[in-house]
Amino acid sequence: MSLSSDAAKDTANRARSDAPDLPQRLPQHVAVIMDGNGRWATERGLPRVAGHQAGVQTVREIVRASLDAGVPVLTLYAFSQENWKRPKDEVGVLMDLLDHFIVRELDDLERQGVRLRTIGRTEALPPRTLEKIRDAEKRTSTNAKLTLVIALNYGARTEILDAVRQLMRRAAADPGSAERALDEAVFSEHLYTKGLPDPDLLIRTSGEMRLSNFLLWQMSYTEIYITRKYWPDFTREDYFEALREYATRERRFGDVSA
Ligand code: FPP
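Just so we're clear, the structure is a prediction, and the values are computed from it rather than from any experiment. (Residues numbered from 1 in each chain as written. Predicted model: local features only at pLDDT ≥ 70, side-chain atom pairs only at ≥ 80, totals over all residues. Heavy atoms only, no water.)

Some words on the sheet that holds strand 1 (residues 29-33)
The strand order 3-4-2-1-5-6 describes an open sheet built from six strands, whose pairing is parallel. One side of each edge strand has no neighbouring strand; the edge strands of this open sheet are strand 3 (114-119) and strand 6 (223-226). The sheet shows a mean angle of 20 degrees between the axes of neighbouring strands, direction not considered. Two elements, strand 5 (residues 201-204) and strand 6, share four bridges in a ladder whose sense is parallel. Following the sheet pairing, Leu-201 is matched in strand 6 by Glu-223. Sheet strands in contact with helix 4 (residues 88-112) are strand 2 (73-80), strand 3 and strand 4 (146-154), and its direction is about 165 degrees off that of strand 4. (Pairing = 2+ DSSP bridges. Helix = DSSP H or I, 4+ residues; strand = E, 2+ residues; numbered from the N terminus. Axes fitted to C-alpha atoms, helices over the stretch in contact; angles between N-to-C directions. Contact = heavy atoms within 4.5 Å.)

Some thoughts on the layout of surface pockets
In this structure, the largest pocket occupies an estimated 730 Å³ of space. Looking at the largest pocket, it is lined by 31 residues, and the ones nearest its centre are Met-34, Tyr-77, Ala-78, Phe-79 and Asn-83. Elements with a contribution of two residues or more to the lining of the largest pocket: helix 2 (37-42), helix 3 (48-69), strand 2, helix 4 and strand 4. (1 Å grid on protein atoms, 1.4 Å probe; cavity = no way out; pocket = protein on both sides within 12 Å on 5 of 7 lines; lining within 4 Å. Points joined across faces, edges and corners; volume = space filled by probe spheres on them.)

Some details on the site of the ligand
Neighbouring the ligand are 17 residues; Met-34, Gly-38, Arg-39, Arg-48 and Arg-86 lie closest to it. The separation between an oxygen atom of the ligand and a polar main-chain atom of Gly-38 is 3.1 Å. Here the ligand, which alone exposes 640 Å², has 91% of that area covered by the protein. Of all the cavities here, the one that holds the ligand is the largest pocket. Looking at the shell around the ligand, the elements with two or more residues in it are helix 2, helix 3 and helix 4. The leading source of residues in the shell around the ligand is helix 3, at four residues. For the shell around the ligand, a count of residues per class yields seven nonpolar, six polar and four charged. (Near = heavy atom within 4 Å. Polar contact = N/O pair within 3.5 Å; in protein donor to acceptor, adjacent residues only side chain to side chain. Areas by Shrake-Rupley, 256 points an atom, 1.4 Å probe, with all protein chains shown as cover. Sits in = over half its atoms within 2 Å of the grid points. Nonpolar A, V, L, I, M, F, W, Y, C, P; charged D, E, K, R; others polar.)

Things to note about the packing of helix 3 against helix 4
Between helix 3 and helix 4, the least distance of the axes is 11 Å, while the angle of their chain directions is 25 degrees. Accordingly, the angle class assigned to the pair helix 3 and helix 4 is roughly parallel. Seen along the crossing, helix 3 lies across helix 4 with a hand that is right-handed. Of the residues in helix 4, those in contact with Arg-48, Val-49, His-52, Gln-53, Val-56, Val-59, Arg-60, Val-63, Arg-64 and Leu-67 of helix 3 are Glu-90, Val-93, Leu-94, Leu-97, Phe-101, Arg-104, Glu-105, Leu-109 and Gln-112. Tallied by class, residues from the contact of helix 3 with helix 4 come to ten nonpolar, three polar and six charged. (Parallel < 35°, antiparallel > 145°, perpendicular 65-115°, else oblique. Left-handed = near helix turned anticlockwise from the far one by under 90°.)

Brief notes about the confidence of the model for the protein chain
Counting all residues, the mean pLDDT for the protein chain is 92, and 93% of those residues have values of 70 or more. Counting interchain partners and residues more than four positions distant, the pLDDT-below-50 stretch residues 1-14 has three contacts. (pLDDT = per-residue confidence, 0-100.)

Thoughts on the pairing of strand 1
Extensive coverage of strand 1 is indicated by the burial of five of its five residues. Taking every second residue as pointing to the same face, both faces of strand 1 are buried, with His-29, Ala-31 and Ile-33 on one and Val-30 and Val-32 on the other. Where strand 1 meets strand 2, five bridges bridge the pair, whose relative direction is parallel. When the bridges of strand 2 are listed, Val-32 appears paired with Leu-76. Strand direction decides the pairing type here: strand 1 and strand 5, joined by four bridges, are parallel. Directly across from Val-32, in strand 5, lies its bridge partner Ile-203. (Buried < 20%, exposed > 50% of the residue type's maximum accessible area, 1.4 Å probe, protein only.)

Put into structure tokens, the structure is as follows:
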């Protein structure tokens with residue numbers, strides 16, 4: 001065995017020992033709706049933004065847990081298109097937290113083999129935030145251990161419409177292309193998530209049972225896991241519990257039991 005494959009094996013073994021008792025069948029893509037930050041703060045007599053600040057610590061913990069478990073893609077819903085309706089101060093704090101997260105974590109993410117990607121209409125974000133995001137995406141673009149996808153100014157209906165617009169432009173330039181070559185796989189390649197597998201597992205914290213305009217096309221057959229815990233209280237052990245629960249699900253994709 002070569003030195004490099006020894007090193008790879010060591011890394012894999014270390015990862016497993018940091019994440020004990022995990023099943024063989026892991027989701028290849030976990031999507032998370034990080035809900036309950038506001039309630040977590042309000043219940044403690046704190047301003048809502050304190051919940052978002054506490055939520056960043058959970059983000060760090062769940063990124064680490066994904067690396068340790070060997071989950072290859074993690075998508076976090078950080079800011080929806082609808083979130084612009086929130087008070088201006090709260091929106092400002094969310095953008096600042098994102099900025100700081102990228103600045104503070106980039107070296108670690110790079111070193112840990114994390115590739116950062118964003119989905120959503122990021123061009124509408126404040127220019128200084130956008131600049132940091134583009135730089136982080138570039139710097140981590142060759143990493144392959146974990147793809148961390150952050151959904152920002154994201155809305156699934158807009159994503160679908162953006163794909164339709166692209167396809168309409170294609171059809172205008174090449175009449176007949178829709179009949180010749182438009183199927184689910186081609187459509188998926190026009191979504192923001194191009195190249196990523198569909199989520200196998202969706203985790204939503206705080207007990208709410210909604211999709212909230214998140215990855216509507218991609219989650220047609222995603223397994224859903226809801227916990228009542230608020231996002232700032234969600235731990236790596238809770239995450240591993242969701243992975244264990246996922247392994248017990250029988251996925252039939254419309255077929256009958258084997
Ligand atoms: C939903 O909770 C949470 C959000 C809209 C923001 C999530 C953002 C973070 C955790 C921090 C920044 C992210 C990264 C990736 C660094 P809510 O405020 O709607 O909670 P509520 O329903 O209790 O009011």
